[in-house]
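Breakdown of the fold
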Amino acid sequence: MSDATLDSAARDVLRLAQPRQRWFVPGLLAGIGSAVMAVGLLACSAWLITFAADMPSLAFLGMAIVGVRAFAIGRSALRYLERLTSHDAAFRQLAELRLGIFRRIVPVAPAGLASTGRGDLLTRLVRDVDDLQDLPLRVVQPLLVAGITALLSVVGIWLIVPAAGLTLLVCLLLAGVLGTVFSGTLAARSDRELAPLRGALADEVLEIVENLDVLTAFDALSPRLVALARTDARLRRATLRRSVGVGVQSAVVSLFAGAATLGALYFGIPALTSGGGLLSPVLLGPTLVVAVLVPMAVFEVFGMIPFAASAWRQVRVSARRVAGVVPASPPAEIPVDVGHPQALLSADQDALPASAPLPVVLELTDLGARWPGQSEPGVAGVTLRLAPGDRVHLAGPSGAGKTTLAQTLVRFLDYSGSYRLNGVEARLLTQTEVRRVVGLCEQRPWLFDDSIRQNLLFARDTATDAELDVVLARVGLADWVAQRGGLDARVGERGALISGGQAQRIALARALLADFPVLIVDEPTANVDSGGADALVRDILTAAADARRAVLLISHTPVPDELVTARVTLSARPSGSVHVAQFAAVQPLLDQKHGEHEQGDRPDEQITGKMQLATQLAVTAGRRRPDAHVGEGPEDAGGNGPGHEGAIAHATRTHSDRNERVQDR
């Protein structure tokens, strides 16, 4: 993203960080009132103490005494009100800001965020977003409050001693300019470096913590700790440089506050005999004390301006970092909703289910996809049809594009060719509509650091405990959950308290609870021992078997013939040949699970005692460069990114005796 584009995006973020006027103005008015009350309190107190030294009648002091009390109470009350209303406005806007940022992120996640490290991304979305609340609290409001209060004070002193008022004005301007310049010279670089260094430190800490066992086993922990210490030292030095700038800035403000006080004395003492300003033609001692001491209170308020300049630099850096999370224009490989709802109106009104899961047919024709930033496709030339009741086992070597295909089917990646759901092109549907009918159980399912119940309710928040128990029983976790104390048992961060197989089963239960008409299960046995892999695959296919659901199982683990209706193998091809396989396969699992369907139960599907399903699968192979690397995603190390251009599907027909058994029925 270019600097001009980034600055434009950062301005959009800053506009989103500034609260609405109806939220912001009450806090601003309360802040101005509190600052004016603080200056008035010092002025009234100075006049009262000085005038009382002559021991006049108490009647002459009554108004000043009441004034001191009023200014003191008003200052405290307005200060509390200012804090309450301004922070309420900032926090309200912060909530909208977070939602706005996530609305920008969701369309490009997860593939579009691969260029940002996880730790740095977390820092941007948490620390940098939090820093943006300083825009109204430490930049805009302090500038307005200090500026208005200083202007009113200068006018007031000028009416008493004109020369002292002009001196105060000059000192305020010099303090603001020089304080900002000195602070910028000493701390501007640190202000720009702090946020990126915090992100880099978070990246390194997260990497060490997540890979501590591997780093320790290969004796690679010490170099990582040394690198972490260097990053921490850089962050510490940047923080110290910024502190030096803040200290110099405070010294400059204090210096000119003293200069304004001396200037008031210099011009005020002669005015005792020659006369004062409009409010005091004959300058008296108590009035001179007011003119001398008011600059101290004014500079206490005005000192916020140089600090606001420093806060502005940090806010601007944070805005640029937050804006940089999402590219100005999504990469070509990331799908973007076309925003044409009429496309569905022109298609079959029942093409996709609105709420209840209706049968969905998924059709791919010469489909290809690649990851952002990669020149070679991760998968290409795939032609595939999944109908309700299909249970297809998709296999292939690492790098053949299996995971790329899965990510494409749930619209995390855009595609070339054709991808249709019930005859409607997926590009004409919103991504939400596609993901409502096509679900994905990932290779490493995400589990929240919460209870089993909450991890399941994430799929359907209206589900009852009884429904949760039923779906857990379907995936073989009923006894295990009971042994752990029920649905309230916690799973730990990312499932740290449970095994890989149990995590996969919980993810499957969540998918079944969502009731996706098309379910894709990506490498469920990747983190499971060989002894439990067969049982997990069998339980997955058994639990997911449904006459209205199509299942695509991506797995290296061998799957028995009786569990699937078809087999597909993706593999790299050196030539551009085409392989098309047509076969018929049966569904013994569905027959055993649902029993014989009576004639007329589902006339639209014409299901009888004999249940057969014809499935066509074909994959058109493209050409692949001999020197190209193959991989399933940008995370593959050693250059094994998405590099192949062609794939071929080998459909293995199930044993003929399975057909014979169904015909006998």
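Residues numbered from 1 in each chain as written. Predicted model: local features only at pLDDT ≥ 70, side-chain atom pairs only at ≥ 80, totals over all residues. Heavy atoms only, no water.

1. So, the confidence of the model for the protein chain
For the protein chain, mean pLDDT is 77; residues scoring 70 or higher make up 78% of the total. Low pLDDT, under 50, characterises residues 573-665; the stretch is placed with 227 contacts to residues that sit more than four places away or in other chains. (pLDDT = per-residue confidence, 0-100. Contact = heavy atoms within 4.5 Å.)

2. Topic: unusual backbone geometry
Residues other than glycine seldom take positive phi values, yet Arg411 does so here, at roughly 65 degrees. If you trace the backbone, Arg411 turns up in the loop between α12 (402-409) and β4 (416-421). (Helix = DSSP H or I, 4+ residues; strand = E, 2+ residues; numbered from the N terminus.)

3. Regarding the packing of helix α6 (residues 162-210) against helix α10 (residues 304-323)
Each packed pair of helices is defined by two parameters, the angle between the axes and the distance between the axes. Orientation of α6 relative to α10, taken along the N-to-C sense of each, is 30 degrees, at an axis distance of 8 Å. Considering their axes alone, α6 and α10 lie roughly parallel with respect to each other. Of the two elements, α6 crosses α10, and the hand of that crossing is right-handed. From α6, Ala175, Gly179, Thr180, Ser183, Gly184, Ala187, Ala188, Asp191, Arg192, Ala195, Pro196 and Gly199 reach across to α10, where they touch Pro306, Ala309, Ser310, Arg313, Gln314, Val317 and Arg321. A class-by-class count of the residues in the contact of α6 with α10 yields 8 nonpolar, 7 polar and 4 charged. (Axes fitted to C-alpha atoms, helices over the stretch in contact; angles between N-to-C directions. Parallel < 35°, antiparallel > 145°, perpendicular 65-115°, else oblique. Left-handed = near helix turned anticlockwise from the far one by under 90°. Nonpolar A, V, L, I, M, F, W, Y, C, P; charged D, E, K, R; others polar.)

4. Here we look at the packing of helix α2 (residues 21-52) against helix α3 (residues 58-105)
Look at α2 against α3: their axes get within 6 Å of each other, and the N-to-C directions meet at 155 degrees. Relative to α3, the element α2 is oriented roughly antiparallel. Both α2 and α3 take part in a crossing whose hand is left-handed. Here the residues of the contact of α2 with α3 are counted per class, giving 23 nonpolar, 11 polar and 5 charged.

5. Overview of the nonpolar core
The biggest cluster of nonpolar side chains holds 38 residues, and the ones touching the most others in it are Ile452, Leu456, Leu472, Ile506, Leu512, Leu519 and Leu541. Mapped by element, the contributors of at least two residues to this core are α14 (452-457), α15 (465-474), α16 (478-483), α17 (500-514), β7 (518-522), α18 (530-544) and β8 (550-554). Leave out the neighbours within four places in its chain, and Leu456 touches Leu468, Leu472, Ile506, Ala509, Arg510 and Leu513. Membership of the second largest hydrophobic core comes to 37 residues, among which are Ile32, Ala257, Ala264 and Leu288. (Core = buried A, V, L, I, M, F, W, Y, C linked by side-chain atoms within 4.5 Å. Buried < 20%, exposed > 50% of the residue type's maximum accessible area, 1.4 Å probe, protein only.)

6. A word on the packing of aromatic side chains
The relative placement of two aromatic rings is captured by the distance of their centres and the angle of their planes. For the structure on display, the rule yields 6 aromatic pairs. Between Trp47 and Phe51 the ring centres are 4.7 Å apart and the planes differ by 10 degrees, which places this aromatic pair in the stacked class. Linking Trp47 with Phe51, this pair stays in helix α2, spanning 4 residues, or about one helical turn. Where Trp446 meets Phe448, the ring centres are 6.5 Å apart and the plane angle is 75 degrees; that geometry is what we call edge-to-face. The ring of Trp23 is capped by Arg92, whose NZ or CZ atom sits 5.2 Å from the centre of that ring. Against the face of Tyr415 rests Arg427, its NZ or CZ located 4.0 Å from the ring centre. (Phe/Tyr/Trp six-rings, centres within 6.5 Å; stacked < 30°, edge-to-face > 60°. Lys NZ or Arg CZ within 6 Å of the ring centre and 35° of its normal.)

7. Some remarks on α15
Buried within α15 we find Leu468, Val471 and Leu472. Buried positions in α15, seen along its axis, are confined to an arc of 100 degrees and lie on one side of it. Downstream of α15 by one or two residues, Gly476 has phi in the positive range, about 80 degrees. (Arc of directions from axis to C-beta.)

8. Thoughts on the pattern of salt bridges
Across all of its chains, the model carries 25 salt bridges by this definition. Between Arg241 and Glu193 there is a salt bridge, and its shortest N-O distance comes to 2.8 Å. Residue Arg241 is found in helix α8 (residues 221-274), and its partner Glu193 is found in helix α6; the two are separated by 48 residues along the sequence. For Arg241, a relative accessible area of 29% translates into the label partly exposed. Take Glu193: its relative accessible area is 23%, and that puts it in the partly exposed class. (Salt bridge = Lys/Arg side-chain N within 4 Å of Asp/Glu carboxyl O.)

9. Points about the side chain of Asp522
Structurally, Asp522 can be placed in strand β7. Of the buried charged residues, Asp522 lacks a salt bridge, with Lys402 as the closest side chain of opposite charge at 7.1 Å. Looking at Asp522, its side chain comes within polar contact range of the side chain of Thr403, at 3.2 Å. Residues within four places of Asp522 in sequence aside, it is in contact with Thr403, Leu440, Cys441, Glu442, Gln443 and Ile554. (Lys, Arg positive; Asp, Glu negative; His and termini not counted. Polar contact = N/O pair within 3.5 Å; in protein donor to acceptor, adjacent residues only side chain to side chain.)

10. Looking at the environment of Leu186
When you line up the elements, Leu186 lands in helix α6. Residue class for Leu186 comes out partly exposed when judged on its relative accessible area of 37%. Along the chain, Leu186 and Val244 lie 58 residues apart, while their C-alpha atoms are 7.2 Å from each other. When residues no more than four places from it in sequence are discounted, the contact partners of Leu186 are Arg241, Val244, Gly245 and Val248.

11. Things to note about the side chain of Gln504
The residue Gln504 is located in helix α17 in this model. Those residues in contact with Gln504 that lie beyond four places of it in its chain are Glu442, Gln443, Pro445, Glu523, Pro524 and Leu536.

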